[in-house]
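Below, each chain spelled out in residue letters.
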Amino acid sequence: MAVITLPYKYLERLTRTDRKTILDNVALIGSDVERIEEDHADVEFFPDRPDLFSPEGVARAMRGYLGIETGLSSYPVKPSGIKFTVDPALATIRPVLGAAVIRGVSFDDESIQSIMSLQESLHWAVGRGRSKVAIGIHDMDTVRPPFHYIASRPSRGFIPLDFTEKMTMTEILEKHPKGRDYAKIVKDFPLYPLIVDDDDHVLSFPPIINGERTRVTIDTKNILLDTTGTDKRAVSVAVNIICTAMAEAGAKIESVEIGGIQTPTLAPAERIVSVQECSRLLGIELTAASMAELLRKMRFGAEPAGADTVKVQVPCYRADIMHDWDLFEDVAIAYGYDRLESQPPKTFTVGKPHPVQVNAALAREAFCGLGYLEVMPFTLTNEDVLYGKMRRDEKKGVLHVMHPISIENTVVRTELLPLLLEFLTLNRHRELPQRLFTVGDVVDSCLTYQQAAGVSTHLDADFSEAYASAAAMLHELSIDYTVEESSDPAFIDGRRGDIIVDGKKIGVFGEIHPAVLNAFDLEHSVAAFEFDIRAVPGYPVL
Amino acid sequence: MAELTQNEKRLLAILEKENKADAPHLAGLLDATSEAVVQWAHLAGDKGLAMVERVVAKEFVYTDEGKAYAQNGLPETQLLRFILPETTLADLQKHEAFRIGFGQLRKKGLVKVEGTSVTKIPGSTTDADEAALKKPSDADPRTKDLIKRGILQESETVRYAINITPAGLALVKQGLDLRGESGTLTRDQIISGEWKDLNLRKYDVSKLPKKAYPGKIHPYQRIIGEMREILLEMGFTELYGGIVQQSYWNFDALFQPQDHPAREMQDTFYLNETLPLPKGYEKVKAMHECGGETSSTGWGGVWKEEKAEQCVLRTHTTSVSIQYLANNPNPPIKAFCVGRVYRRETIDTTHLAEFEQLEGIVMDENVSFGNLLGILREFYNRMGFESVRFKPSFYPYTEPSLDAEVYVDGIGWIEMGGAGVFREEVTAPIGITYPVLAWGLGVSRIAMLRLGLKDLRLLHKSDVAFLRETPSLRHTKGGI
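Everything quoted here is computed from the prediction, not taken from an experiment. Sequence order as written defines the numbering, with residues in each chain counted from 1. Here chains are named by letter from A upward and ligands by number from 1 upward, in the order in which they appear as written. At least 70 in pLDDT is required for a residue's local features to be given in this predicted model, at least 80 for side-chain atom pairs to be given and counted, and no such filter applies to totals for whole chains, interfaces and linings, which use all residues. To obtain the side-chain values, all non-hydrogen atoms of the structure were included, while hydrogens and water were left out.

Q: Quick one: what's the story with the overall build of chain A, residue by residue and with numbers?
A: Only runs of H or I of at least four residues qualify as helices and only runs of E of at least two qualify as strands under DSSP, and these elements are numbered from the N terminus. The secondary structure content of chain A amounts to 15 helices and 27 strands. Structurally, chain A occupies a C-alpha span of about 90 × 65 × 45 Å along its principal axes. Buried residues are those whose accessible area, probed at 1.4 Å on protein chains only, stays under 20% of the maximum for their type, while exposed residues exceed 50% and partly exposed ones sit between those limits. Buried positions account for 58% of the 542 residues belonging to chain A. In chain A, the proportion of contacts linking residues at least 24 apart, taken out of those at least 6 apart, comes to 69%. When the accessible area of chain A is evaluated, it comes to approximately 22600 Å², of which 51% is carbon and sulfur surface. The contact rule is simple, with two residues in contact once any of their heavy atoms fall within 4.5 Å. Note on areas: Shrake-Rupley with a 1.4 Å probe; residue coverage comes only from the protein chains shown.

Okay, structure coming up:
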């Protein structure tokens, strides 16, 4: 999530209203106010609205929402006459380039900070950590057009930002903090992307670092924006968001010629939408006129075009408008969520529990009747608990997660019993007897199903108790079973039984082996059992 | 007034006749020990029915030595009787009482020794000493002397004098049930009818019993159960599905772009397993790449089959609902699912890598975003949260989207869950043409508030004492 710092004075000047009005309403356009400080507020915006990642963007939206200035903001773009060449060798490395000239900026320390943080938020939300889009901002008066986006040998050197010594691009990837952070995006290519001016001065090594030469300072008046990446749409959205934010702050935007095309245009896209479709989706009565008005409040250009249609101009910075319904959400926001009539649907339906849960509930009821207390262990565990301590072989169908967070959570449970023994360890200091059960999901290969397990520990817990409890549970669930001597090493030889249904082992019961008790650090005997609930007659096929 | 025990009643009955008596005497009459009688008297005394008077008496008792002297006379008396006119000192020395008695005779000046002869002083007698021995008295200095000589001992005896109070007397006059008491009611007594004459022992209800711990459902499971009940009452069908899901159903079918950060290894648990893509996956591919046949632009780029085949631990139960919709495309559909979901988060007091999610969907011909708000309001109201409000939000697979907040006294507005209408990019590829309202909430958040837990892990690594002490019925107020 992007948390944006909004300085009140600047925001009030841009929005043309007081801070209280802004703060009272900013959540209603889709945000969370994180902190309210004396001179600024920190507000979190959603990742689908990168156009709100700057005070300028927020002010533009709030002016519309508060009715101060509605409809489309238009941003005139003049050609700068500047050209940018693109090296065809970049086609397989980092093919897309966007650029613009931004004239007449007036920076102070705060506004430099603000544009830097917009740049970082865009890297995160649109750029996917710079791999898809990376943005560079340069003092244009330090370099000479035309500019060239080239694929360069990694041995080429320049002075990177925040350094005083010349470094090769290879060295930058190894030594510069930004180089180390983003090296993985380019390091496998034989040539690296580089932006130079006509005198071969380095502006930028995208997506890693700018050159020190073009550093933006409070004296900077004119900016060259470069945006490189792998996705045309994302690159153009980033350019549009930065250019329109700077234009809101008072700068003039000029286009650059790339491959014979003037970019950016900052022109809106057009969508024709149905009023009826919107009314039905939201559950409110709308006319073309009222819908258009609501859309203008959200800074779209919108005019009725017939009884059921509205012609919408989508501003170039609204990257999230992919589908008509994206506009309908804005209609709902402008209308106000709290004004929407909230009635449950009228269609008659009958509730139906899932048979897996019905059977689980029956098993719980029977366990409680036997005096067992329910516990709900985690489903992520490790091989040592499931197999090592239990003296069992690792199950074939056990799933190992590929990047576990810790050695405690490496596999998904295939049995419940080991987790119950772990519970007894956790509760060693608590009063005996302790009888615990759990009913829940286990996984074998990619199949999830439910098992039930119980443990009982006290001075006299033994085989007979395990057998009696298991038999009672199986009886309550109408499972027709036979018992055979078991060879499960988790139990004592001669004090263990396999539960057999239709010739297949579906469970086990007995007295836990003392070596297992030692492994779990338990001091009293444990009567235990576990079975597969799928043995219940009529159980659904999963 | 507390019930009288059988023994108190027997005591009072005796006291009615005796009026005032010593404990040993009463003990004899009641066939009990004095100590027991005193204890009963104290119990009756607490009820104002009897009075116990503690009388301390001083007594002189003989030591073992003294006992012999009381029978045979003091050693000096014995020697005095032995001395005859011819008696020599040597004769006297043979007498067993000589060692003690001779000194006393000399000290008291009762004999005269001349050479080897011993003679009585005329008129000498030990009668007064003997009298002091037989009848010791505080006033007699000779008694003190005998104590000093270790012949007598002073001892204090405590005696309890018990009498009945007027209230006790009145009670006895009313009549007391003096039948014997029984502890256990036996089978024989029940079937023979003997029970009719039994006086069953009464127990003191002010004493706490020994703790008994019933087997019971986990308090968290109870909260899940309550939510299930509400949804079943609201006409929803329950779903169940696997915790291992293909990325296809967990992400792609929900229009989550393949380069979305949530799909990265650091946020999702991937498994070294793949499953073949279902029939019709090409529609999902087309939707991602260019928006299929809808008004959508799609995400652009190339959608890769192998990314979709990869299995993950489901990050939401929406992966289950979307498959249900794909298999049941005809309206109306109202379904919900509660189940464990997984996020690759570092575990701490408020974050778990696995937690329960509850999710519901409604698909019908004319359902609207407003209906979704209505369902949520109804659900949260039934959970006990009276004030519910909605605000805009963002979820990759819903549009419009919202967050629901409920008001909790003493805490304020709390975010409870997200909701929205499935994007057409989600519904179109699986052949759904009507709006699908979807909403989800974190069950553990409500559990944490209700159970007053500071650490979410305690839901899954519970202290047995906490489970035993948490009552099955918890009175909730305002949802908490």
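Q: Residue-level account of the side chain of T165(B), with values.
A: Residues and elements named next belong to chain B. Topologically, T165 is positioned in the loop between β5 (152-164) and α10 (166-174). Note on T165: relative accessible area 10%, which makes it buried. The definition of a polar contact used here is a pair of N or O atoms within 3.5 Å, where within protein one atom must be able to donate a hydrogen and the other to accept one, and adjacent residues in sequence count solely through side-chain atom pairs. Separated by 2.8 Å, the side chain of T165 and the backbone oxygen of G48 make a polar contact. Not counting residues up to four positions away in its chain, the partners in contact with T165 are G48, L49, A50 and M51.

Q: So what's going on with the nonpolar core? Residues and values would help.
A: Core analysis: the biggest nonpolar cluster contains 131 residues, and I102(A), M291(A), V310(A), F369(B), Y380(B), L402(B) and W439(B) have the highest contact counts within it. Not counting chain neighbours up to four residues away, the residues in contact with Y380(B) comprise F385(B), V388(B), A404(B), V406(B), M416(B), G417(B) and L441(B). Joining through side-chain atoms within 4.5 Å is the link that ties buried Ala, Val, Leu, Ile, Met, Phe, Trp, Tyr and Cys residues into a set, and such a set is a nonpolar core.

Q: Pulling in residues and values, what's your account of unusual backbone geometry?
A: Residue and element names in this part refer to chain A. Cis rather than trans, the peptide bond between P145 and P146 has omega equal to -5 degrees. With respect to the helices and strands, P146 occurs in the loop between β6 (133-139) and β7 (147-152). Here the bond from L432 into P433 is cis, since omega is 0 degrees, no more than 30 degrees from zero. One can find P433 in the loop between α13 (417-426) and β22 (434-444). Its identity as a non-glycine residue notwithstanding, R299 has a phi of 70 degrees, on the positive side. Secondary-structure assignment places R299 in the loop between α9 (288-297) and β17 (301-304). Notably, S445 is not glycine yet its phi reads approximately 55 degrees, a positive angle. Within the secondary structure, S445 is located in the loop between β22 and β23 (447-457).

Q: Would you mind going over helix α8 (residues 127-134) of chain B in detail, with residue names and values included?
A: An α-helical turn contains 3.6 residues, so any two residues separated by three or four positions project in the same direction. Residues and elements named next belong to chain B. Inspection of α8 places D129, E130, A132 and L133 among the buried residues, and these make up the whole buried set. With its buried residues spanning 160 degrees around the axis, α8 presents them on a single face. On the buried face of α8, the contacting elements are β2 (50-62), α4 (64-72), α5 (75-82), α9 (141-148) and β5. Throughout, the arc means that of the directions going from the helix axis to the C-beta atoms.

Q: Please give an account of the packing of helix α1 (residues 8-15) of chain A against helix α2 (residues 19-26) of chain A that cites residues and values.
A: Residue and element names in this part refer to chain A. Two elements in contact, α1 and α2, have axes whose closest approach is 10 Å; the angle formed by their N-to-C orientations is 90 degrees. Judged on the interaxial angle alone, α2 and α1 are roughly perpendicular. Here Y8, L11, E12 and T15 of α1 lie close against α2, whose contacting residues are R19, I22 and L23. Throughout this entry, Asp, Glu, Lys and Arg are counted as charged residues, while Ala, Val, Leu, Ile, Met, Phe, Trp, Tyr, Cys and Pro are counted as nonpolar. The remaining residues, Gly among them, count as polar. Taken together, the residues that form the contact of α1 with α2 break down as four nonpolar, one polar and two charged. To obtain an axis, a line is fitted to C-alpha atoms, over the contacting stretch when the element is a helix, and the angle between two such axes runs from 0 to 180 degrees between their N-to-C directions. Comment on the angle field: the value is read as roughly parallel under 35 degrees, roughly antiparallel over 145, roughly perpendicular from 65 to 115, and oblique elsewhere.

Q: Residue-level account of the packing of aromatic side chains, with values.
A: When two rings of Phe, Tyr or Trp (its six-membered ring) have centres within 6.5 Å they constitute a pair, described as stacked for plane angles under 30 degrees, edge-to-face for angles over 60, and tilted for the intermediate range. Applying the stated criterion across every chain yields a total of 21 aromatic pairs over all chains. Note on F367(A) and Y372(A): the rings are 5.6 Å apart at their centroids and 55 degrees apart in plane angle, and the pair reads as tilted. In terms of burial, F367(A) and Y372(A) fall into one category: buried. Arranged with centres 6.2 Å apart and planes meeting at 85 degrees, the rings of F236(B) and W439(B) form a pair that is edge-to-face.

Q: Residues and numbers for the interface of chain A and chain B, please.
A: A common way to state how big an interface is: give the accessible area lost once the parts meet. Counting residues at the interface gives 81 residues for chain A, matched by 93 residues for chain B. Each partner contributes to the roughly 7500 Å² buried at the junction of chain A and chain B, and carbon and sulfur atoms together form 60% of this total. Contact with chain B buries surface across chain A, with M322(A), M376(A) and F378(A) losing the most and accounting together for 11% of the total. The term salt bridge refers to a side-chain nitrogen of Lys or Arg lying within 4 Å of a carboxyl oxygen of Asp or Glu. There are five salt bridges connecting chain A and chain B. Taking the shortest distance from any N to any O, the salt bridge between R128(A) and D259(B) comes out at 3.2 Å. Two parts lose some accessible area (1.4 Å probe) when they are put together, and adding that loss for both gives the buried area.

Q: Talk me through the confidence of the model for chain B; I want residue IDs and the actual numbers.
A: Residues and elements named next belong to chain B. The predictor's confidence in any single residue is recorded as pLDDT, a number from 0 to 100. Model confidence for chain B is summarised by a mean pLDDT of 90, while 100% of its residues fall at 70 or above. Looking over chain B, one finds the lowest element-wise mean pLDDT in strand β6 (residues 181-182), namely 76, and the highest in strand β8 (residues 237-238), namely 98. Taken together, the chains of this predicted complex give a pTM of 0.81 and an interface ipTM of 0.92.

Q: Got a sec to walk through the domain arrangement of chain B? Specific residues and values, please.
A: How far each domain reaches was decided by an automatic or database domain assignment. What the domain assignment lists for chain B is domain 1 (6-60 + 156-197), domain 2 (64-150) and domain 3 (220-469). Using C-alpha coordinates to define each centre, domain 1 of chain B is positioned 51 Å away from domain 2 of chain B.

Q: How would you summarise the pairing of strand β12 (residues 333-342) of chain B if you had to cite specific residues and measurements?
A: Residue and element names in this part refer to chain B. Burial of β12 is extensive: 10 of the 10 residues sit out of reach of the surface. As defined by bridge partners, β8 adjoins β12 across two bridges and the pair is classed as parallel. When the sheet's bridge partners are listed, T237 is paired in β12 with A335. Note: two strands are recorded as paired if DSSP finds a minimum of 2 bridges between them.

Q: Account for a negative patch on the surface, naming residues and giving values.
A: A contiguous patch of negative charge on the surface is contributed by E37(A), E38(A), D39(A), D108(A), D109(A) and E110(A). Within the secondary structure, E110(A) sits in helix α4 (residues 109-125). Nonpolar side chains (Val, Leu, Ile, Met, Phe, Trp, Tyr) are joined into patches within 5 Å and like charges within 9 Å, using only residues with over 30% relative accessible area and no salt bridge. In this tally, Asp and Glu contribute negative charge and Lys and Arg positive charge; neither His nor the terminal groups of the chain are included. Taken as the charge centre is NZ of Lys, CZ of Arg, CG of Asp or CD of Glu, depending on the residue.

Q: A description of the packing of α4(A) against helix α7 (residues 232-248) of chain A should follow, citing residues and the corresponding values.
A: Residue and element names in this part refer to chain A. It is at 11 Å that the axes of α4 and α7 come closest, and there the two elements cross at 160 degrees. Judged by the inter-axis angle, α4 sits roughly antiparallel to α7. Here α4 and α7 pass one another in a crossing that is right-handed. Counting all contacts with α4, which are made through I115, L118 and L122, the residues of α7 involved are A238, I241, I242, A245 and M246. Of the residues belonging to the contact of α4 with α7, the class tally is eight nonpolar, no polar and no charged. Each crossing is labelled by how the near helix is turned from the far one, with a counterclockwise turn of less than a right angle marking it left-handed and a clockwise turn marking it right-handed.

Q: Explain the sheet that holds strand β11 (residues 310-313) of chain B residue by residue, including any values.
A: The strands that make up a sheet pair up through hydrogen bonds in the backbone, lying either parallel or antiparallel. Residue and element names in this part refer to chain B. Here we have three strands laid out as an open sheet, ordered β9-β11-β10, and antiparallel in their pairing. Looking at strand neighbours, the two that pair on one side only are β9 (244-246) and β10 (270-274), the edges of this open sheet. Along the sheet, successive strands turn relative to each other by an average axial angle of 40 degrees, direction set aside. Strand direction decides the pairing type here: β9 and β11, joined by three bridges, are antiparallel. In the sheet register, Q246 faces β11, and the bridge partner there is C311.

Q: Lay out the pattern of salt bridges with the relevant residues and their values.
A: Tallied over the entire structure, the rule returns 61 salt bridges over all chains. D498(A) is paired through a salt bridge with K505(A); the nearest N and O atoms lie 3.3 Å apart. Across the pair R340(B) and E356(B) runs a salt bridge whose closest N-O atoms are separated by 2.6 Å. Separated by 16 residues along the polypeptide, R340(B) in strand β12 and E356(B) in strand β13 (residues 354-363) bring together distant segments of the chain. The exposure class assigned to E356(B) is buried, which follows from its relative accessible area of 7%. Members of the salt-bridge network, linked through shared partners, are R16(A), R60(A), R63(A), E69(A), E248(A) and R299(A).

Q: Break down α4(A) for me, citing the residues and quoting the values.
A: Residues and elements named next belong to chain A. Each residue after the first adds 1.5 Å to the expected span of a helix. Along its 17 residues, α4 runs 24 Å from first to last C-alpha, staying within 8% of the 24 Å computed at 1.5 Å per residue. Buried residues of α4: I112, S114, I115, L118, Q119, S121, L122, H123 and A125, and no others. Each element contacted by the buried residues of α4 is listed here: β1 (2-7), α3 (55-65), β6 and α7. Measuring from the backbone nitrogen of E110 back to the side-chain oxygen at the start of α4 gives 3.1 Å, which picks out D108 as the cap.

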